[in-house]
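A look at the structure
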Amino acid sequence: MTLTVLDSPASAPAAQAPAPMRVRNHAELPAGFRGTTSGETSKPISTYTALLAKVRDAGLLERRTGFYVAMFVGVTLLLAAAVTGSVLLGDSWFQLLIAASIGLIFTQYAFLAHETAHRQVFASGVTSDRVGRILASGVVGMSYAWWTSKHTKHHGNPNTIGRDTDIAYDTVSFLEQDAVKQRGLSRLFTQRQGYIFFPILLFEGVNLHLLSYKTLFGRKKVDKRWHEIAMVTARFTIYLGLIFWFLPVGMAFAFVGVQLAIFGLYMGSAFAPNHIGMPIIPESSRVDFLSKQVLTSRNITGGRWMTIAMGGLDYQVEHHLFPNMARPHLRAASKLVREHCTEHQVPYTRTTIGQAFGTVIAYLNRVGLAARVPFDCPMAAEYRPR
């Protein structure tokens, strides 16, 4: 049985949920799933419109620009404090602590760029893109155009094979069909990828910057290409120039290495719990909007401090259902969403950060087992030349 994703939510009343669906080689879609097979003509039913009306009536779609201004000022003051601390420390290996803190601060700027791009801060799309581009390219050092293109595809089809670029193979195999293709050292890595996943996030910061430059200098069309090239290049020139001018060469390299490692680890750790290990939707499937977004997303418990630490990504379900919802409203919205999901028997996932990380590791290791298949096939073992 396969599914075909709908591009937009339907407003018809809820239909009876089918029996639990089994998807071989992937996380299972639970009994609360609403969908149709590729051969069926009827469309899956969505109750999203009713939920959206409740959320809008509660005033939870109103923007909170003041909150984001305060967040930006707070993060910028932290950056200023880190720079001041670095100047006062001078030629000291304690500078690496400053480097780690700057890695955390740049990630907070990345969260603000993410929320600005989602129109959570400004009603104007032009203003949102302008500010988002400055934050992403000018401050964080990532291509805004590359990220928004990739992230838009993810939001439209989360955990959907062939449509969500976040589960496409890139060092890590998120699908068994990718794991089984690996050879040599890649195969050995894939077999243990769950245990290695978080350590390799230490290199994700470098990867994000390289992918940005690769996109900006690539042949595909890039919106505001030269604006972004100028901003990203100016950002690195100023940032690296100051570090290598102020610190001894060896310490400067260590400083940049620590900053990039912490940035990559923090970014990856904030995004990894959101969808990894949640149900995978086959490419030829058809799923109503609410079910598609809720079943493939995982919320992280932990209260307001967790929301600050994850930039609002701890409310991943609500973020996917209402991408332009401001961070301060996510907590109140989650209550309405949970009630709605309970009423319509749509499984809603919440877990601690530790449990989420454990699930991520277990899922990636389970996928990685597919890389061992050629060695475990009895027929292949029997007829293999000796």
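Residues numbered from 1 in each chain as written. Predicted model: local features only at pLDDT ≥ 70, side-chain atom pairs only at ≥ 80, totals over all residues. Heavy atoms only, no water.

**Notes on the overall build of the chain**
Helix and strand counts for the chain stand at 18 helices and four strands. Counting every position in the chain, which comprises 386 residues, the buried fraction comes to 48%. Across the chain, contacts joining residues at least 24 apart in sequence account for 72% of those joining residues at least 6 apart. Working note: accessible area of the chain is about 18600 Å², and carbon and sulfur atoms make up 64% of it. (Helix = DSSP H or I, 4+ residues; strand = E, 2+ residues; numbered from the N terminus. Buried < 20%, exposed > 50% of the residue type's maximum accessible area, 1.4 Å probe, protein only. Contact = heavy atoms within 4.5 Å. Areas by Shrake-Rupley, 256 points an atom, 1.4 Å probe, with all protein chains shown as cover.)

**With respect to a nonpolar patch on the surface**
A surface patch of nonpolar side chains, amounting to about 650 Å² of accessible area, comprises Val-83, Val-87, Ile-238, Leu-242, Trp-245 and Phe-246. Elements represented by at least two residues in the nonpolar patch include exactly helix H2 (65-89) and helix H10 (225-246). By residue number, the principal contributor to the nonpolar patch is H10, which donates four residues. (Patch = residues over 30% accessible without salt bridge, like charges linked within 9 Å, V, L, I, M, F, W, Y side chains within 5 Å. Salt bridge = Lys/Arg side-chain N within 4 Å of Asp/Glu carboxyl O.)

**Examining the environment of Ser-86**
Secondary-structure assignment places Ser-86 in helix H2. On the basis of relative accessible area, Ser-86 is assigned to the buried category, the value being 11%. C-alpha of Ser-86 to C-alpha of Phe-246: the two residues are 160 residues apart in sequence and 9.4 Å apart in space.

**Quick notes on helix H8 (residues 193-200)**
Where H8 is concerned, the buried positions are Gln-193, Gly-194, Phe-197 and Phe-198. Viewed along the axis of H8, the buried residues span an arc of 135°, placing them on a single side of the element. The inward-facing, buried residues of H8 contact helix H7 (184-191), helix H11 (249-271) and helix H16 (353-368). (Arc of directions from axis to C-beta.)

**Regarding the nonpolar core**
Within the largest apolar cluster, 34 residues are counted, with the highest numbers of intra-cluster contacts made by Ile-102, Tyr-109, Met-142, Ile-243, Phe-255 and Phe-263. Every element with two or more residues in this core is listed here: H2, helix H3 (95-117), helix H4 (125-140), helix H5 (144-156), H10 and H11. Val-317, Leu-321, Leu-330 and Val-337 belong to the second largest nonpolar core, which has 21 residues in total. (Core = buried A, V, L, I, M, F, W, Y, C linked by side-chain atoms within 4.5 Å.)

**Observations concerning the packing of helix H9 (residues 204-216) against H11**
Angle between the axes and distance between the axes: these two values describe a pair of packed helices. It is the contact of H9 with H11, at a shortest axis distance of 6 Å, that shows an interaxial angle of 90°. As the angle between them shows, H9 and H11 are arranged roughly perpendicular. Here Glu-204, Gly-205, Val-206, Leu-208 and His-209 of H9 lie close against H11, whose contacting residues are Leu-260, Phe-263, Gly-264 and Met-267. (Axes fitted to C-alpha atoms, helices over the stretch in contact; angles between N-to-C directions. Parallel < 35°, antiparallel > 145°, perpendicular 65-115°, else oblique.)

**As for the pattern of salt bridges**
For the coordinates displayed, the defined rule picks out six salt bridges. With a shortest N-O distance of 2.6 Å, Glu-115 and Arg-327 are connected by a salt bridge. Of this pair, Glu-115 sits in helix H3 while Arg-327 sits in the loop between helix H14 (316-321) and helix H15 (330-343), and the two are 212 residues apart along the sequence. Note that Asp-223 is salt-bridged to Lys-224, the shortest N-O span being 3.9 Å. The exposure class assigned to Asp-223 is partly exposed, which follows from its relative accessible area of 45%. By relative accessible area, which is 39% here, Lys-224 ends up partly exposed. The network of salt bridges with shared partners includes Arg-133, Asp-223, Lys-224 and Glu-228.

**Remarks on the packing of H4 against H10**
Two elements in contact, H4 and H10, have axes separated by 7 Å at closest approach and are oriented at 40°. As summarised for this structure, H4 and H10 are arranged oblique, according to the angle between their axes. Judged by residue contacts, Arg-133, Ile-134, Ser-137, Gly-138, Val-139 and Val-140 of H4 engage Glu-228, Met-231, Val-232 and Arg-235 from H10. In terms of residue class, the contact of H4 with H10 is made up of five nonpolar, two polar and three charged. (Nonpolar A, V, L, I, M, F, W, Y, C, P; charged D, E, K, R; others polar.)

The analysis is restricted to geometry; functional conclusions fall outside its scope.
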